[in-house]
2 protein chains.
Amino acid sequence: MNSTHRSPHTVRLSLLPAAALTVALVITAPAIGADSPAGPLVLKAQGSFFVGGETEHTSATTGTPGGFFFPNTDDIKVNQMYVQFQIPEADAHHIPVVMLHGCCLSGKTWETTPDGRMGWGEYFVRRRHAVYIPDQSSRARSGFDATIINEVRLGTKPSSALPNIFTFGRSAAWELFRFGPSFPTAFSDEQFPVEAMDEFGKQVIPDLNATLPTPNPTFANLAALAVRLHGAVLMGHSESGFFPEQAALTDPAGVAGLVSIEGGCSTNLTPQQIATLAKIPTLVIFGDHLGDVPSVSALWLGALQGCQQFVDQINAAGGDATMLHLPDAGLFGNSHMLMQDKNNLQVADLVLRWIDQHVERE
Amino acid sequence: MNSTHRSPHTVRLSLLPAAALTVALVITAPAIGADSPAGPLVLKAQGSFFVGGETEHTSATTGTPGGFFFPNTDDIKVNQMYVQFQIPEADAHHIPVVMLHGCCLSGKTWETTPDGRMGWGEYFVRRRHAVYIPDQSSRARSGFDATIINEVRLGTKPSSALPNIFTFGRSAAWELFRFGPSFPTAFSDEQFPVEAMDEFGKQVIPDLNATLPTPNPTFANLAALAVRLHGAVLMGHSESGFFPEQAALTDPAGVAGLVSIEGGCSTNLTPQQIATLAKIPTLVIFGDHLGDVPSVSALWLGALQGCQQFVDQINAAGGDATMLHLPDAGLFGNSHMLMQDKNNLQVADLVLRWIDQHVERE
């Protein structure tokens, strides 16, 4: 970072009262020199590692490894979770944020948007948070356990044992993600960059969660990641919307905040589970047009209602849970993929402000 | 970047003759302030995008998408290639480098090593090259076409139609990758961080290349990426060792250099194909102990011999091909995963110097 840019910011820090400071940092930060999304990105560190993973023994009848030069009797790793991270040079004291993708997607969700704009991953780094982006266990760079597929190929298991591999087609995504009432018609105020639908389709990859044991190892892996970071905000989306809460119920030790975006919330938690979650600040986010796509309106309105009930339960237990329905905050036209919408950095600013006020309590 | 670090370097640039400059930049660069692997990383830009990809129509009998809320009749994207990139703030005039992983691995190959050291991806950025790291088509964040698996599950295809999914177990990798004569015995001068074998095992993920059409779409995707970059060095490893050459044979327009690491070389190319490749500087790299693991010595000595024949063919046609067998350059104990070996940055320096001298011709 250039020192001629750092000085004015340091002055602001010392001159402004706390409330104004929050606004200066979060809302007007783009004007502060090297922190601008347009300036160079200065990193203290970056890299990748794995969390979790168990050793699985394979044999000639289980058929994994798939046979290249060697017999199949060997040990492979399964259920591990790949994590990419970046730590800003100017991280100050801000808390790390873990961003987990949803169904049929990967860590790509948080990177460059389909139309080429900055994603939340880099934006949060520029806003002085270390950012950790996993691929769910059994997805993308985390790999998956192909044993069952090889067993069926070898004839030692019936084809009915194959997992149900999810993915989304173009028309399905258009409706379920609320880009418009039906493909290719978009809502007039649609914020998703529908002109880049072809590029978005390339992000959609097979979801092999059906190959995982129960409970999903990603829960424990997220919890272990938070412990490793000595405290982190866990963020989930869609399929993984409630994964942060599941991680906290596995081990709350490292979980400093929960952000659940456009997913379903559990409404039958025990009083003990509610008490555990009530100790952790929680933010639930939904976009717009929840009731406006006929084929999925019951799904989305039900998710909103269930999450409102969850938020109320947490608050009734003395917790600090916030429902952020974006139209209520003056943001309209947001899709299910709100971290990629045209106003994605505006939405990010709301999350950053919530972290400041509810997790970091500045 | 801190201007107190930039100045001395600018002085060097203007005072040193070209030959000395190459040495100063490539070999002694770690001493140059902000360029040191230990200093902050200053990026002009970073992000990710896709190259290639076709639309595939699915139906109730093909069974992809796997069915979440919608019928299966839809359009999905297949054969696309995910690419992550970083461009250094101080990129000067250096050429972009594309780093492609091998079998049962992903772009993770080039990131943090299993024992936590800097990988080639960041190191080349710090050495002023823009770096592009793909996941092969059908691997990791590029996704794969799960249609055939769903068809077998639905009973519309026999189980024999399932792809042979490759992976490597711990013992197989130990021998094939030449960590030592047999698991868990390492060579006395072994450079691979065998103490991190457990972490390396987590990088090994299922290889679904058997689901791809012929020719492998990664060839054309690499060629298209090189065109998009207006010139790039293509680097491949192991399974993908000869993919750079395959890409150049698909379309040589953007291919400025070829680096083939520890893979097999084609020795039955046509004179026309040889002539095409002879226009592009080529570097072939092999590590140590090629003949020292009994179960794979024929494989590795054969690969070395085939690649030497390829190098000779290119040079006989007037080309500029170099065989770099690391022991001949004074580096001993290197494994198949030489980009992760303990002396990985020393090996990288040899590649960077070769790029300077043969591609950039400084």
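Please read these numbers as outputs of a predicted model, since none were measured by experiment.

### Here we look at the overall build of chain A
Then, number 1: Across its full length, chain A carries 11 helices and 10 strands.
Then, number 2: Burial statistics for chain A: of 362 residues in total, 63% are counted as buried.
Then, number 3: Restricting the contact set of chain A to residue pairs at least 6 apart, pairs at least 24 apart contribute 74%.
Then, number 4: Of the roughly 12400 Å² of accessible surface on chain A, 56% is carried by carbon and sulfur atoms.

### Digging into helix 8 (residues 243-250) of chain B
Counting along an α-helix, one turn takes 3.6 residues, and residues three or four places apart therefore face a common direction.
Then, number 1: Within helix 8 of chain B, the full set of buried residues consists of Phe243, Pro244, Glu245, Ala247 and Ala248 of chain B.
Then, number 2: On the buried face of helix 8 of chain B, the contacting elements are helix 7 (217-228), strand 7 (232-237), strand 8 (255-261), helix 9 (271-277), strand 9 (282-286) and helix 10 (297-316) of chain B.

### A short note on the relation of the copies chain B and chain A
Then, number 1: Of the transformation superimposing chain B on chain A, the axial component is 0.0 Å and the angular component is 180 degrees, with the fit at an RMSD of 0.0 Å. Viewed as a symmetry operation, the transformation between the two copies matches a two-fold axis. For chain B, the smallest separation between a C-alpha atom and the rotation axis is recorded for Ala140 of chain B, amounting to 1.8 Å.
Then, number 2: When the interface residues of chain B are mapped onto chain A, 100% of them again lie at the interface, so the same face is used by both copies.

### Focus on the interface of chain B and chain A
Interface size is commonly expressed as the accessible area that is lost once the parts come together.
Then, number 1: Contacts between the two partners involve 74 residues from chain B, matched on the other side by 74 residues from chain A.
Then, number 2: Summing both partners gives a buried area of about 6300 Å² for chain B against chain A, and 56% of it is carried by carbon and sulfur.
Then, number 3: Where chain B touches chain A, the interface holds 8 salt bridges.
Then, number 4: Here Arg141 of chain A makes a salt bridge to Asp135 of chain B, at a shortest N to O gap of 3.0 Å.
Then, number 5: Along the contact surface separating chain B from chain A lie 41 residue pairs in polar contact (both at pLDDT 80 or more).
Then, number 6: At the level of elements, strand 1 (41-51), strand 3 (74-78), strand 4 (81-88), strand 6 (131-135), helix 4 (147-154), helix 5 (170-176) and helix 6 (197-203) of chain B are the ones that each hand at least two residues to the side of chain B that touches chain A.
Then, number 7: The leading source of residues in the side of chain B that touches chain A is strand 1 of chain B, at 8 residues.

### A look at the environment of Phe49 of chain B
Then, number 1: Mapped onto the fold, Phe49 of chain B is located in strand 1.
Then, number 2: Along the sequence, Phe49 of chain B and Ser188 of chain B sit 139 residues apart, while their C-alpha atoms lie 43 Å from each other.
Then, number 3: Ignoring any residue separated from it by four or fewer positions in sequence, one finds Phe49 of chain B in contact with Lys108 of chain A together with Met81, Tyr82, Val83, Phe85, Tyr132, Leu225 and Arg228 of chain B.

### Some words on the pairing of strand 1 (residues 41-51) of chain A
Then, number 1: Counted residue by residue, strand 1 of chain A has 9 buried out of 11 residues, so it is predominantly covered.
Then, number 2: Looking at chain direction, strand 1 of chain A and strand 1 of chain B are connected through 3 bridges and run antiparallel. Bridging from a neighbouring strand, Leu43 of chain A pairs with Leu41 of chain B of strand 1 of chain B.
Then, number 3: Note: strand 1 of chain A against strand 4 (residues 81-88) of chain A, 8 bridges, orientation antiparallel. Directly across from Gly47 of chain A, in strand 4 of chain A, lies its bridge partner Phe85 of chain A.

### Side note on the state of the cysteines
Residue and element names in this part refer to chain A.
Then, number 1: Inspection of the entire model under this criterion finds 4 disulfides over all chains.
Then, number 2: The disulfide partner of Cys103 is Cys104, and the S-S distance across this bridge is 2.3 Å. Judged on exposure class, the residue Cys103 and its partner Cys104 are both buried.
Then, number 3: The disulfide partner of Cys265 is Cys307, and the S-S distance across this bridge is 2.0 Å. Looking down the S-S bond of the Cys265 and Cys307 bridge, the torsion is 95 degrees, so its handedness is right-handed.

### As for the pattern of salt bridges
Then, number 1: Evaluation of the coordinates by the stated rule reveals 24 salt bridges over all chains.
Then, number 2: A salt bridge links Asp115 of chain A to Arg117 of chain A; its shortest N-O distance comes to 2.9 Å.
Then, number 3: Its relative accessible area of 23% is what places Arg117 of chain A among the partly exposed residues.
Then, number 4: Put simply, Glu239 of chain B and Arg139 of chain B hold a salt bridge, and the shortest N to O gap is 3.0 Å. Here the residue Glu239 of chain B occupies a position in the loop between strand 7 and helix 8, and Arg139 of chain B occupies one in the loop between strand 6 and helix 4, the gap between them amounting to 100 residues.
Then, number 5: Using a relative accessible area of 0% as the deciding quantity, one classes Arg139 of chain B as buried.

### Observations concerning the confidence of the model for chain A
All names here are of chain A.
Then, number 1: Residues at a pLDDT of 70 or more form 87% of chain A, whose mean pLDDT is 88.
Then, number 2: No element of chain A has a lower mean pLDDT than helix 1 (residues 3-15), at 30, and none a higher one than strand 5 (residues 97-99), at 99.
Then, number 3: For residues 1-36, every residue scores under 50 in pLDDT, and the model assigns this stretch 48 contacts once sequence neighbours within four places are set aside.
Then, number 4: Under the prediction, the complex receives an ipTM of 0.90, its pTM being 0.90.

### Looking at unusual backbone geometry
Then, number 1: Residue Phe183 of chain B is joined to Pro184 of chain B through a cis peptide bond whose omega torsion reads 0 degrees.
Then, number 2: Following Thr214 of chain B, the chain continues into Pro215 of chain B via a peptide bond in cis, with omega recorded as 0 degrees.
Then, number 3: Position of Pro215 of chain B among the secondary structure elements: in the loop between helix 6 and helix 7.
Then, number 4: Backbone geometry places Arg128 of chain A, a non-glycine residue, at a positive phi of 75 degrees.
Then, number 5: Secondary-structure assignment places Arg128 of chain A in the loop between helix 3 (120-126) and strand 6 (131-135).
Then, number 6: The class for Arg128 of chain A is buried, based on a relative accessible area of 11%.

### Details of the side chain of Gln46 of chain A
Then, number 1: As for its position among the elements, Gln46 of chain A is in strand 1.
Then, number 2: Within the structure, Gln46 of chain A has its side chain in polar contact with the side chain of Glu122 of chain B (distance 3.3 Å).
Then, number 3: Dropping the residues within four chain positions of it, Gln46 of chain A is found in contact with Phe85 and Gln86 of chain A together with Leu41, Gln86, Thr112 and Glu122 of chain B.

### Focus on the environment of Phe219 of chain B
All names here are of chain B.
Then, number 1: Inspection of the secondary structure puts Phe219 in helix 7.
Then, number 2: Counting along the chain gives 53 residues from Phe219 to Phe166, while the straight-line C-alpha distance between them is 20 Å.
Then, number 3: Setting aside its immediate chain neighbours within four residues, Phe219 contacts Phe243, Gln246, Ala247 and Thr250.

Basis of the calculations
- Residues numbered from 1 in each chain as written.
- Chains lettered and ligands numbered in written order.
- Predicted model: local features only at pLDDT ≥ 70, side-chain atom pairs only at ≥ 80, totals over all residues.
- Heavy atoms only, no water.
- Helix = DSSP H or I, 4+ residues; strand = E, 2+ residues; numbered from the N terminus.
- Buried < 20%, exposed > 50% of the residue type's maximum accessible area, 1.4 Å probe, protein only.
- Contact = heavy atoms within 4.5 Å.
- Areas by Shrake-Rupley, 256 points an atom, 1.4 Å probe, with all protein chains shown as cover.
- Least-squares fit on C-alpha atoms with pLDDT ≥ 70 in both.
- Buried area = accessible area lost by both parts, 1.4 Å probe.
- Salt bridge = Lys/Arg side-chain N within 4 Å of Asp/Glu carboxyl O.
- Polar contact = N/O pair within 3.5 Å; in protein donor to acceptor, adjacent residues only side chain to side chain.
- Pairing = 2+ DSSP bridges.
- Disulfide = S-S within 2.5 Å.
- pLDDT = per-residue confidence, 0-100.

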